[in-house]
Amino acid sequence: QDRLEPTCPFCRHPAPKSKEEEDMNIMKRVTAKDPVAMTHMGLVRYRSGDYGGAFRYQNLAAELGHAGGHFQLSCLYRKGQGVEKDRKKEVYHLEQAAIGGHPKARYNVGCEDKKNGRMDRAMKHWIIAATLGCDDSIDALKVCFRAGIGNKDDFAATLRAHQAAVEATK
């Protein structure tokens, strides 16, 4: 029986047969201004220790409005990798990623609010992140609920929304 060749789910071209071919395809997408490909290349550069290259690709993705690019830039600014540590830029990119729908960024914005004494805002951010499927937010909300912060109905609704988000990604 003839088997179909695996194809790209986006363009339906045959899947690359080598790492070089895969890299070439990703670079074509970067050249075409695909922010997802730019974020991917930024992560590849980051893992190889090229923090300057990681910054360049993540910055390009963020300029195109990609939430993942903003989130990765916030991480680079927090750690001072490829750029000087800059708290204002870290928080700015974290907020942009959260606005763009990045669950971990939304969780981190909640943590920032908690550090700054704005517990009500922190809980709102964690509820939103939990409904997007962020497990860390559920853990933070559990701690709050055990401490008597928040109500049982909101926590139950958030748990149901989190479960639905997790099921939707399976």
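Bear in mind that the values here come from a model prediction, so they are computed numbers and not experimental data.

Next up on the list: the packing of helix α3 (residues 51-63) against helix α4 (residues 67-79). Here α3 crosses α4 at 140°, and the two axes come no closer than 7 Å. The orientation of α3 relative to α4 falls into the category oblique. Along this stretch, α3 crosses α4, giving a crossing that reads as left-handed. Residues A54, F55, Q58, N59, A61 and A62 of α3 pack against G68, G69, H70, Q72, L73, L76 and Y77 of α4.

Looking now at the packing of helix α2 (residues 35-47) against α3. Think of two packed helices as two axes; the pair is described by the angle between the axes and how far apart they sit. For the pair α2 and α3, the least separation of the axes is 7 Å and the interaxial angle reads 165°. With respect to α3, the axis of α2 lies roughly antiparallel. The chirality of how α2 crosses α3 is left-handed. Residues P35, M38, T39, M41, G42, L43, R45 and Y46 of α2 form the contact with α3, whose own contacting residues are Y51, G53, A54, Y57, Q58, L60 and A61. Tallied by class, residues from the contact of α2 with α3 come to 10 nonpolar, four polar and one charged.

The next point concerns the packing of aromatic side chains. Inspection of every chain in the model, using the stated rule, returns four aromatic pairs. For the ring pair Y46 and Y51, a centre distance of 5.1 Å and an interplane angle of 55° mean the geometry is tilted. What makes Y51 partly exposed here is its relative accessible area of 30%.

Summary statistics for the chain give a mean pLDDT of 92 and a share of 98% for residues scoring 70 or more. Ranking the elements of the chain by mean pLDDT puts helix α1 (residues 19-31) last with 88 and α4 first with 97.

Scanning all chains against the criterion turns up 10 salt bridges. A salt bridge links R29 to D34, with the shortest nitrogen-to-oxygen separation between them at 2.8 Å. Take R29: its relative accessible area is 33%, and that puts it in the partly exposed class. K104 is the partner of D136 in a salt bridge, and the nearest nitrogen-oxygen pair spans 2.2 Å. Highlighted residues: D136 in helix α8 (residues 135-146) and K104 in helix α6 (residues 103-115), separated in sequence by 32 residues. Connected through shared salt-bridge partners, R87, E90, E112 and K115 make up one network.

Cut-offs applied
Residues numbered from 1 in each chain as written. Predicted model: local features only at pLDDT ≥ 70, side-chain atom pairs only at ≥ 80, totals over all residues. Heavy atoms only, no water. Axes fitted to C-alpha atoms, helices over the stretch in contact; angles between N-to-C directions. Helix = DSSP H or I, 4+ residues; strand = E, 2+ residues; numbered from the N terminus. Parallel < 35°, antiparallel > 145°, perpendicular 65-115°, else oblique. Left-handed = near helix turned anticlockwise from the far one by under 90°. Contact = heavy atoms within 4.5 Å. Nonpolar A, V, L, I, M, F, W, Y, C, P; charged D, E, K, R; others polar. Phe/Tyr/Trp six-rings, centres within 6.5 Å; stacked < 30°, edge-to-face > 60°. Buried < 20%, exposed > 50% of the residue type's maximum accessible area, 1.4 Å probe, protein only. pLDDT = per-residue confidence, 0-100. Salt bridge = Lys/Arg side-chain N within 4 Å of Asp/Glu carboxyl O.

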